[in-house]
Amino acid sequence: MQATINEITERLVDSYCKSGGINHLDGKNLPSKRAIAVITMDLLRLCFPGFFDEKLLHSSEIRPGTAALVSEVLNSLAVEITKSLDYNPPPELQGGKKDFRPIARAYTIEFLNSLPSIRELLQTDAEAAYNGDPAALSKEEVIVAYPFVEAIAVQRLAHNLYLKNIPLIPRIMTEWAHARTGLDLHPGAEIGTHFFVDHCTGTVVGETTRIGDHVKLYQGVGLVASSLSEGQRLRGRKRHPTLEDHVTIYAGATVMGGDTVVGEYSTIGANVFLKASVPAHSLVVQEQANMKVMNKKERQKKAADFAV
Amino acid sequence: MQATINEITERLVDSYCKSGGINHLDGKNLPSKRAIAVITMDLLRLCFPGFFDEKLLHSSEIRPGTAALVSEVLNSLAVEITKSLDYNPPPELQGGKKDFRPIARAYTIEFLNSLPSIRELLQTDAEAAYNGDPAALSKEEVIVAYPFVEAIAVQRLAHNLYLKNIPLIPRIMTEWAHARTGLDLHPGAEIGTHFFVDHCTGTVVGETTRIGDHVKLYQGVGLVASSLSEGQRLRGRKRHPTLEDHVTIYAGATVMGGDTVVGEYSTIGANVFLKASVPAHSLVVQEQANMKVMNKKERQKKAADFAV
Amino acid sequence: MQATINEITERLVDSYCKSGGINHLDGKNLPSKRAIAVITMDLLRLCFPGFFDEKLLHSSEIRPGTAALVSEVLNSLAVEITKSLDYNPPPELQGGKKDFRPIARAYTIEFLNSLPSIRELLQTDAEAAYNGDPAALSKEEVIVAYPFVEAIAVQRLAHNLYLKNIPLIPRIMTEWAHARTGLDLHPGAEIGTHFFVDHCTGTVVGETTRIGDHVKLYQGVGLVASSLSEGQRLRGRKRHPTLEDHVTIYAGATVMGGDTVVGEYSTIGANVFLKASVPAHSLVVQEQANMKVMNKKERQKKAADFAV
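No experiment lies behind these values; they were computed from the predicted model shown.

Notes on the interface of chain B and chain C
At step 1: Between chain B and chain C, the residue contacts involve 81 residues of the former and 79 residues of the latter.
At step 2: For the pair chain B and chain C, the two sides together bury roughly 6,900 Å², of which 58% comes from carbon and sulfur.
At step 3: Connecting chain B to chain C are 15 residue pairs in polar contact (both at pLDDT 80 or more).
At step 4: Sort the elements by how many residues they give to the side of chain B that touches chain C and helix α5 (residues 115-132) of chain B lands first, with 10 residues.
At step 5: The residue makeup of the side of chain B that touches chain C, split by class, is 41 nonpolar, 22 polar and 18 charged.

Some remarks on the pairing of strand β14 (residues 282-285) of chain A
Residues and elements named next belong to chain A.
At step 1: The side-chain alternation of β14 yields two buried faces, one formed by Ser 282 and Val 284 and the other by Leu 283 and Val 285.
At step 2: Pairing of strand β12 (residues 267-268) with β14, which is carried by two bridges, proceeds in the parallel orientation. Across the sheet, the residue bridging to Ile 268 is Val 284, located in β14.

Section: the sheet that holds strand β1 (residues 184-185) of chain B
All names here are of chain B.
At step 1: On the basis of which strands lie adjacent, the open sheet formed by five strands has the order β1-β4-β7-β10-β13 and parallel pairing. Because the sheet does not close on itself, it has two edges, and the strands there are β1 and β13 (273-274).
At step 2: Sheet topology note: the strand β4 (residues 204-205)/strand β7 (residues 222-224) ladder contains two bridges and is parallel. Residue pairing for β7: Val 204 is matched across the bridge by Gly 222.

A few points about the side chain of C:His186
At step 1: Looking at where C:His186 falls in the secondary structure, it is placed in the loop between β1 (184-185) and β2 (190-191).
At step 2: Contact partners of C:His186, with chain neighbours within four places excluded, come to B:Ala135, C:Gln155, C:Tyr162, C:Arg171, C:Val205, C:Gly206 and C:Glu207.

Quick word on the relation of the copies chain C and chain A
Relating one copy of the chain to the other takes a rotation about an axis and a shift parallel to that axis.
At step 1: If you rotate chain C by 120 degrees and push it 0.0 Å along the axis, it lands on chain A with an RMSD of 0.0 Å. With respect to symmetry, the two chain copies, as superposed, fit the operation of a three-fold axis.
At step 2: When the interface residues of chain C are mapped onto chain A, a mere 12% of them again fall at the interface, so the copies present different faces.

Topic: the packing of aromatic side chains
Residues and elements named next belong to chain A.
At step 1: In this structure the tally under the stated criterion is 12 aromatic pairs over all chains.
At step 2: Geometrically, the ring pair formed by Phe 148 and Phe 195 is edge-to-face, given 5.9 Å between the ring centres and 65 degrees between the ring planes. Taken together, the residues Phe 148 in helix α7 (residues 147-163) and Phe 195 in the loop between β2 (190-191) and β3 (196-197) connect sequence positions 47 residues apart. Accessibility classification places Phe 148 together with Phe 195 in one group, the buried group.
At step 3: Each residue in the set Phe 148, Phe 195 and Phe 196 is aromatic and connected to the rest through ring pairs, giving one cluster.
At step 4: Above the plane of the ring of Phe 273 lies Lys 275, whose end atom (NZ or CZ) is 5.6 Å from the centre.

Quick look at the nonpolar core
At step 1: Formed by 272 residues in total, the largest nonpolar core has its most connected members in A:Phe48, B:Phe48 and C:Phe48.
At step 2: Leave out the neighbours within four places in its chain, and A:Phe48 touches A:Arg119, A:Leu122, A:Ile143, A:Val149, A:Ala153 and B:Ile22.

Conventions and cut-offs
- Residues numbered from 1 in each chain as written.
- Chains lettered and ligands numbered in written order.
- Predicted model: local features only at pLDDT ≥ 70, side-chain atom pairs only at ≥ 80, totals over all residues.
- Heavy atoms only, no water.
- Contact = heavy atoms within 4.5 Å.
- Buried area = accessible area lost by both parts, 1.4 Å probe.
- Polar contact = N/O pair within 3.5 Å; in protein donor to acceptor, adjacent residues only side chain to side chain.
- Helix = DSSP H or I, 4+ residues; strand = E, 2+ residues; numbered from the N terminus.
- Nonpolar A, V, L, I, M, F, W, Y, C, P; charged D, E, K, R; others polar.
- Buried < 20%, exposed > 50% of the residue type's maximum accessible area, 1.4 Å probe, protein only.
- Pairing = 2+ DSSP bridges.
- Least-squares fit on C-alpha atoms with pLDDT ≥ 70 in both.
- Phe/Tyr/Trp six-rings, centres within 6.5 Å; stacked < 30°, edge-to-face > 60°.
- Lys NZ or Arg CZ within 6 Å of the ring centre and 35° of its normal.
- Core = buried A, V, L, I, M, F, W, Y, C linked by side-chain atoms within 4.5 Å.

Scope: geometric values only; no functional claims are made or implied.
In structure tokens:
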């Protein structure tokens with residue numbers, strides 16, 4: 001029995017020695033996924049006070065609770081940012097520098113100081129979600145129940161860290177939200193005020209997307225890159241589309257390419273595949289589907305063949 | 001250090017004072033998301049006895065275990081419903097009434113008494129899932145492994161509370177299931193017997209949808225509302241489609257609008273966007289895609305341009 | 001109060017007696033979902049050493065940690081496989097045999113011995129993910145943050161157990177990954193080297209799918225079966241498509257049917273519905289959507305009617 005365990009272990013250790021890319025041994029510490037999940041949850045508490053707590057918060061007691069959360073996040077986020085900079089320092093920090101701890105702390109403070117302005121943006125998103133969905137009974141329902149609120153809050157937080165060129169952490173944050181909500185908002189995307197994604201599942205907003213104000217998406221919408229066979233050579237280029245203000249995109253539509261601009265007040269219908277710009281006030285709809293009406297007997301005869 | 005924490009805290013507290021909609025302070029208690037998650041999991045245990053437990057259940061010992069779960073749910077659900085009614089009493093309960101606890105308890109008992117009839121519906125769904133998927137090896141596999149079973153069970157439970165006009169809780173329940181399964185079934189939807197959604201991810205069934213018996217959907221199907229720019233003005237109107245008995249809708253199809261009726265025994269093909277009614281026995285398929293076959297050289301020349 | 005609980009309990013127990021399919025009472029033990037989740041997580045740790053741990057691993061200390069994990073998985077997986085074989089022995093094990101424990105242990109050892117070769121495949125997938133996505137900053141980011149890596153690792157592990165005809169466990173494993181990533185890869189699918197699914201959410205790869213090397217899919221892609229009304233009668237038949245080497249399929253496309261072969265180096269555009277084979281080097285794109293450009297006044301007049 002112990003012999004079997006030893007044998008399997010040896011084979012695995014051999015495999016760890018042979019293959020490089022999927023081991024993380026003898027290297028530098030990576031930021032911890034678990035720690036970042038806890039930090040992100042705490043940041044959501046700071047953004048939406050009273051919504052994630054079991055008991056009611058009174059404004060008289062809000063100060064100590066907030067200070068405790070701020071202190072917690074300040075310490076743990078600075079540790080993770082230090083690991084992240086140690087691991088892969090951005091170009092502007094490369095060279096002589098060895099101890100990234102003071103820089104990480106300064107970044108963290110800067111980041112926490114920006115929470116009030118992030119909250120102002122989130123306020124507009126919550127309004128857009130409430131106003132845009134007749135199924136929403138109250139703004140509280142939107143914040144408590146809608147996956148969108150969590151996903152956009154995490155993206156706006158991660159975007160702030162992304163702009164500071166902090167590696168790994170922004171993406172770990174948005175993938176945490178992606179797993180919980182089905183909505184994949186890259187931390188690099190620039191997103192205006194009053195954004196709303198209804199139902200969320202399957203919608204993807206790529207890294208270099210630019211989104212204006214009052215934009216509304218539905219589930220399964222892709223704002224994606226073309227020419228993807230070039231892979232890494234495209235890094236840094238604008239690869240994803242631009243949506244101007246007041247654009248609406250229905251379920252399952254795909255808009256592709258860095259030069260594609262959807263003009264303001266345009267509507268893209270469900271399941272459209274758009275890879276060229278459209279001017280303001282456009283309405284783009286898929287060709288009417290080809291419809292066949294068959295009677296019961298015909299259908300039974302064709303039962304084995306969906307395609308007809 | 002403490003000064004920094006205080007400074008950040010002050011900025012946040014200022015922000016809490018300024019912006020209203022995304023704070024929950026000094027208000028009434030909201031139903032607890034965490035408590036509702038525990039209750040929902042317990043309800044799934046009551047619906048599918050023996051499936052979510054580590055050790056085998058014998059029918060001789062089923063009574064005490066069931067009674068313990070019932071007692072647990074009765075107490076905790078009554079507390080959450082009380083909070084929910086306090087928070088936002090439905091029209092028929094507004095006026096003089098102050099103590100909603102007896103009403104919440106009565107609702108909870110009524111709800112628990114309806115579990116056997118909800119179980120009868122779920123039995124038909126499990127049958128439909130097993131019969132409809134050749135990859136299913138046994139009914140046990142369907143109940144243990146298929147995300148659909150969890151999602152439809154939660155919807156049928158939440159629909160019962162939705163019909164009692166209890167705010168917030170039904171939606172928190174279905175969003176809990178949505179996060180776990182990718183299937184977004186609104187608690188308001190009326191769903192017949194023998195329902196099945198294969199693969200689940202990205203399928204959305206809107207609030208005022210009506211679904212007949214023996215209906216089968218695939219992943220990424222949207223039963224959605226049109227004219228969404230009107231937002232809150234549409235609340236309460238039938239905004240989502242009606243599917244009659246024995247309708248099948250393939251992956252990625254979108255059916256839109258409150259007046260759209262898909263007649264019985266109809267099939268809607270993948271990626272179709274349908275916004276008008278179709279009679280019984282219809283087969284609706286997307287126009288044949290435009291196909292181009294290029295040789296290797298042409299492809300290489302065009303490598304940078306997906307669009308051709 | 002106790003009377004109410006007893007009454008509800010009696011109604012439920014009556015319902016448990018009446019309806020069969022959704023109870024699991026007096027039967028044999030089912031494999032435990034929770035135990036399988038823990039085992040799967042441990043297997044991911046064995047596949048990607050150092051990536052899921054909080055503190056840095058040195059190669060000098062890798063042996064004891066690996067041996068401990070191997071021992072843990074060996075014991076617990078053998079228990080679950082025993083339950084699974086007891087529950088529903090595959091044809092080749094039916095007849096006289098009563099004690100499946102030695103067979104389960106032998107299967108588990110065989111499975112653990114195959115981890116190095118599974119790791120070689122996963123190495124090619126991680127490479128494909130990094131090379132194929134310009135948003136990826138490093139291979140570490142791919143492994144730490146991308147849902148795809150987790151989903152494909154679980155599929156390749158489960159596929160190994162699937163080939164041994166072990167019931168229930170492979171599907172419970174892939175559904176665990178499906179819930180976490182939105183990517184539904186059936187354990188039966190045969191998948192070549194250098195596979196990559198970007199964004200993951202909503203993509204479905206059916207049981208009898210065959211996928212060559214260097215294949216790239218995007219979110220919302222369905223590799224699905226046709227003629228599904230026949231349900232269980234189709235079990236065991238090849239029902240899902242074949243993709244040859246170097247095929248790329250964009251978001252939301254559906255490829256259907258067991259005889260459908262997508263030739264090597266072909267590209268299928270977004271939202272295409274394909275149900276016939278295409279030769280090598282094909283490019284299949286959806287017909288250009290019908291575009292209408294309306295001015296502001298026309299749009300306002302039509303505000304109530306999306307369909308125009």
